[in-house]
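Chain by chain, the residues:
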Amino acid sequence: DGGITQSPKYLFRKEGQNVTLSCEQNLNHDAMYWYRQDPGQGLRLIYYSQIVNDFQKGDIAEGYSVSREKKESFPLTVTSAQKNPTAFYLCASSINRLRKSPLHFGNGTRLTVT
Amino acid sequence: GQQVMQIPQYQHVQEGEDFTTYCNSSTTLSNIQWYKQRPGGHPVFLIQLVKSGEVKKQKRLTFQFGEAKKNSSLHITATQTTDVGTYFCAGPFYNNNDMRFGAGTRLTVKP
C-alpha cells in the first residue's frame, strides 16, 4: 500500500539538542510538506519542497531545516534555535503543488522537549 | 496577510443532531479542501470543491463552495459518534500556490 511513513511516533529530547524527524513516501508524489500543529490551532507550514534538491520556507521556518536529496524522503531537523519545539509534526505530500491537489498526511511525530 | 477563518472552534451535539462548520477566506480560493482529524490521528482528506457554487454530498455530509469562492461549509445530518473529530478546511489561494488551513472545528457527539 502507498503512503507516508513518519518516525518515530513519539520523540523526547532535552533542550539544546537538535533532533531529526523522518518522513518517507512511496506515492511517487513530487511535492512534500512539513506542518506543525499546536493544541487548538490549525496546521502551520514549516517548509515545502516541490522537487528534489529544492525546498522553500513556509510561514514558520525559523529554527528548522530540511533536505530533499531523494524524491521519497523529506527529513525535518528541529534545531536548538527553535524557541518552542514541543508540538505535533505532520509530514504531507501531494502530486504536484502547482496543481493545488489534496494533501496526504503521515501519522505524525509528537515531539516533547524538556 | 491572507487567511482562512473557521467557525465555530468547538461544537458539542447530541447524537442525531445536525452540525455545521463554516470557512471564510480573506481572498479568492482556487479550490476548497476539507479534512477530518480523529482524536490522536492525522488529517485525512475528505473532499475537494473547485467550481463556484458547487455542492457535493458524501452520505450524511454536504459540502458547499460559495459563489465568490471565498467561503465554504460542511454540514453533517444526524450526527453519529463516528463523526467525532476536528474538521479542517484548507484552500490554496487563487493568486499563488500557498495552502492555508483554518483552525478547525472540534466536534464532540454525546451518545
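What comes next concerns the included structure.

What counts and what doesn't
- By convention here, each chain's residues receive numbers from 1 onward along its written sequence.
- Chains carry letters and ligands carry numbers; both start at the beginning, A for chains and 1 for ligands, and go up in the order they are written.
- In keeping with the predicted nature of the model, local features appear solely for residues at pLDDT of at least 70, side-chain atom pairs appear and are counted solely at 80 or more, and the whole-chain, interface and lining totals rest on all residues.
- By convention in this description, side-chain values take in all heavy atoms of the structure and omit both hydrogens and water.
- Secondary structure elements are taken from DSSP: a helix is a run of H or I of four residues or more, a strand is a run of E of two residues or more, and numbering for both begins at the N terminus.
- Put simply, the radius of gyration uses C-alpha atoms, and a globule should come to 2.2 Å times the residue count raised to 0.38.
- Throughout, exposure labels follow a simple rule: accessible area from a 1.4 Å probe, protein chains only, divided by the maximum for the residue type, with under 20% read as buried, over 50% as exposed, and the rest as partly exposed.
- Contact definition: two residues touch when any of their heavy atoms are within 4.5 Å.
- Only the protein chains shown count as cover for residues, and all accessible areas are computed by the Shrake-Rupley method using a 1.4 Å probe.
- Counting rule for charge: Lys and Arg are taken as positive, Asp and Glu as negative, and neither His nor the chain ends is counted.
- Just so you know, the charge point we use is NZ for Lys, CZ for Arg, CG for Asp and CD for Glu.
- Classification of ring pairs rests on two measures: the distance between centres of Phe, Tyr or Trp rings, Trp counted by its six-membered ring, which must be within 6.5 Å, and the angle between planes, read as stacked under 30 degrees, edge-to-face over 60 and tilted in between.
- Here, a charge over a ring is recorded when the distance from Lys NZ or Arg CZ to the ring centre is within 6 Å and its angle to the ring normal is within 35 degrees.
- A pair is scored as a salt bridge if a Lys or Arg side-chain nitrogen falls within 4 Å of a carboxyl oxygen belonging to Asp or Glu.

### What about the overall build of chain B?
Secondary structure summary: chain B contains zero helices and eleven strands in total. Mapped from its N terminus to its C terminus, chain B presents α and β elements in the order β-β-β-β-β-β-β-β-β-β-β. Scaling as 2.2 N^0.38, a compact globule of 111 residues should have a C-alpha radius of gyration of about 13 Å, and chain B matches this with 13 Å. Along the first, second and third principal axes, the C-alpha atoms of chain B reach 45 × 25 × 20 Å. For chain B, the proportion of its 111 residues judged to be buried stands at 47%. In chain B, 54% of the contacts between residues at least 6 apart in sequence involve partners at least 24 apart. When the accessible area of chain B is evaluated, it comes to approximately 5400 Å², of which 50% is carbon and sulfur surface. The centroid of the 12 positive side-chain charges in chain B is displaced by 5 Å from the centroid of its 7 negative side-chain charges.

### Examining the packing of aromatic side chains
The full count for this structure, using the stated rule, is twelve aromatic pairs over all chains. On the numbers, 6.2 Å between centres and 70 degrees between planes, the contact of Phe105(A) with Phe101(B) is edge-to-face. Taken together, the residues span two chains, with Phe105(A) in strand 10 (residues 104-105) and Phe101(B) in strand 10 (residues 99-101). Using a relative accessible area of 8% as the deciding quantity, one classes Phe105(A) as buried. One aromatic cluster is present, formed by Tyr33(A), Tyr35(A), Phe105(A), Tyr35(B), Phe45(B), Phe88(B) and Phe101(B) through successive ring pairs. Between the NZ or CZ atom of Arg110(A) and the centre of the ring of Phe88(A), over which it lies, the distance is 4.2 Å.

### Let's talk about the pattern of salt bridges
Inspection of the entire model under this criterion finds six salt bridges over all chains. One salt bridge connects Asp59(A) with Arg100(B), and the closest N-O pair in it is separated by 3.1 Å. With Asp59(A) in the loop between strand 6 (54-57) and strand 7 (64-66) and Arg100(B) in strand 10, the pair connects residues from two separate chains. Since its relative accessible area comes to 47%, Asp59(A) is described here as partly exposed. Among the ionic pairs, Asp83(B) bridges to Arg60(B), the shortest N-O distance being 2.9 Å. One end of the pair, Asp83(B), is in the loop between strand 8 (71-76) and strand 9 (85-92); the other, Arg60(B), is in the loop between strand 6 (55-58) and strand 7 (61-65), with 23 residues separating them in the sequence. With relative accessibility at 23%, the residue Arg60(B) sits in the partly exposed group. Through salt bridges with shared partners, a single ionic network connects Arg36(A), Asp38(A) and Arg44(A).

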